[in-house]
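Chain residues, written in single-letter form:
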Amino acid sequence: AQSLAVRVLRPQRWSDEEYVNHAFRLCLARRPTSAERQRLLQYLDVQQKLLAADADSVKAILGSWADEKLNATRQAAWTNLCSVLLNLHEFITRD
């Protein structure tokens, strides 16, 4: 999730909606529905607000993946969002 968040945030001039679309395509090879996109944007907003007040959690989430070119709180929130995507039933290959 940490590496995926850095990869998603590399094109640094996009809106959050465009970043969500990009992350979704990387993980699931499709665009999110408008309901999926809205839900992820709400989750991202909550994560950013929670993490803005908790620097220790930001450090724990990022570990050695902190990228000095990115805002740490934003990167941590995106790491959490990427973790959600990576844990979707649709993402996980099951035999």
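All values reported here derive from a predicted model rather than from experimental measurement.

1. Digging into the overall build of the protein
- When helices and strands are counted, the protein shows 5 helices and 0 strands.
- Each helix and strand of the protein, ordered N terminal to C terminal, gives the series α-α-α-α-α.
- In terms of C-alpha radius of gyration, the protein reaches 13 Å, essentially the compact-globule figure of 12 Å for 95 residues.
- Within the protein, the proportion of its 95 residues that are buried is 36%.
- Of the roughly 5900 Å² of accessible surface on the protein, 49% is carried by carbon and sulfur atoms.
- When the 13 basic and 11 acidic side-chain charges of the protein are each reduced to a single mean position, those positions are 4 Å apart.

2. With respect to the pattern of salt bridges
- One pass over the structure, following the stated rule, counts 5 salt bridges.
- Linking Arg30 and Glu36 is a salt bridge whose minimum nitrogen-to-oxygen distance equals 2.9 Å.
- For Arg30, a relative accessible area of 26% corresponds to the partly exposed category.
- Classification of Glu36 by relative accessible area gives partly exposed; the value is 27%.
- Arg30 is the partner of Glu90 in a salt bridge, and the nearest nitrogen-oxygen pair spans 2.8 Å. Of the two residues, Glu90 is situated in the segment after helix H5 (72-86) and Arg30 in the loop between helix H2 (16-28) and helix H3 (34-52); the sequence distance between them amounts to 60 residues.

3. Focus on the confidence of the model for the protein
- Per-residue confidence for the protein gives a mean pLDDT of 94; residues scoring 70 or more make up 98%.
- No element of the protein has a lower mean pLDDT than helix H1 (residues 2-9), at 93, and none a higher one than H3, at 98.

4. What about the nonpolar core?
- Val8, Leu40, Leu51, Ala76, Trp78, Leu81 and Leu85 are the most contacted members of the largest nonpolar core, which totals 24 residues.
- For this core, the secondary-structure elements that each account for two or more residues are H1, H2, H3, helix H4 (55-62) and H5.
- If we ignore the near neighbours within four places in the chain, the residues touching Leu51 are Ser57, Val58, Ile61, Thr73, Ala76, Ala77 and Asn80.

5. Notes on H1
- Those residues of H1 that fall on the buried side of the exposure criterion are Leu4, Ala5, Val6, Val8 and Leu9.
- Summarising the contacts, the buried residues of H1 are in contact with H2 and H5.

6. What to know about the packing of H3 against H5
- The N-to-C vectors of H3 and H5 enclose an angle of 140°; their axes lie 9 Å apart at closest approach. For the element pair H3 / H5, the angle class is oblique. Regarding H3 and H5, the two cross each other, and that crossing is right-handed. Between H3, through Leu40, Tyr43, Leu44, Gln47, Gln48, Leu51 and Ala52, and H5, the contact on the second element is made entirely by Thr73, Arg74, Ala76, Ala77, Trp78, Asn80, Leu81, Val84 and Leu85.

Conventions and cut-offs
- Residues numbered from 1 in each chain as written.
- Predicted model: local features only at pLDDT ≥ 70, side-chain atom pairs only at ≥ 80, totals over all residues.
- Heavy atoms only, no water.
- Helix = DSSP H or I, 4+ residues; strand = E, 2+ residues; numbered from the N terminus.
- Rg over C-alpha atoms; globule rule 2.2 N^0.38 Å.
- Buried < 20%, exposed > 50% of the residue type's maximum accessible area, 1.4 Å probe, protein only.
- Areas by Shrake-Rupley, 256 points an atom, 1.4 Å probe, with all protein chains shown as cover.
- Lys, Arg positive; Asp, Glu negative; His and termini not counted.
- Charge placed at Lys NZ, Arg CZ, Asp CG, Glu CD.
- Salt bridge = Lys/Arg side-chain N within 4 Å of Asp/Glu carboxyl O.
- pLDDT = per-residue confidence, 0-100.
- Core = buried A, V, L, I, M, F, W, Y, C linked by side-chain atoms within 4.5 Å.
- Contact = heavy atoms within 4.5 Å.
- Axes fitted to C-alpha atoms, helices over the stretch in contact; angles between N-to-C directions.
- Parallel < 35°, antiparallel > 145°, perpendicular 65-115°, else oblique.
- Left-handed = near helix turned anticlockwise from the far one by under 90°.

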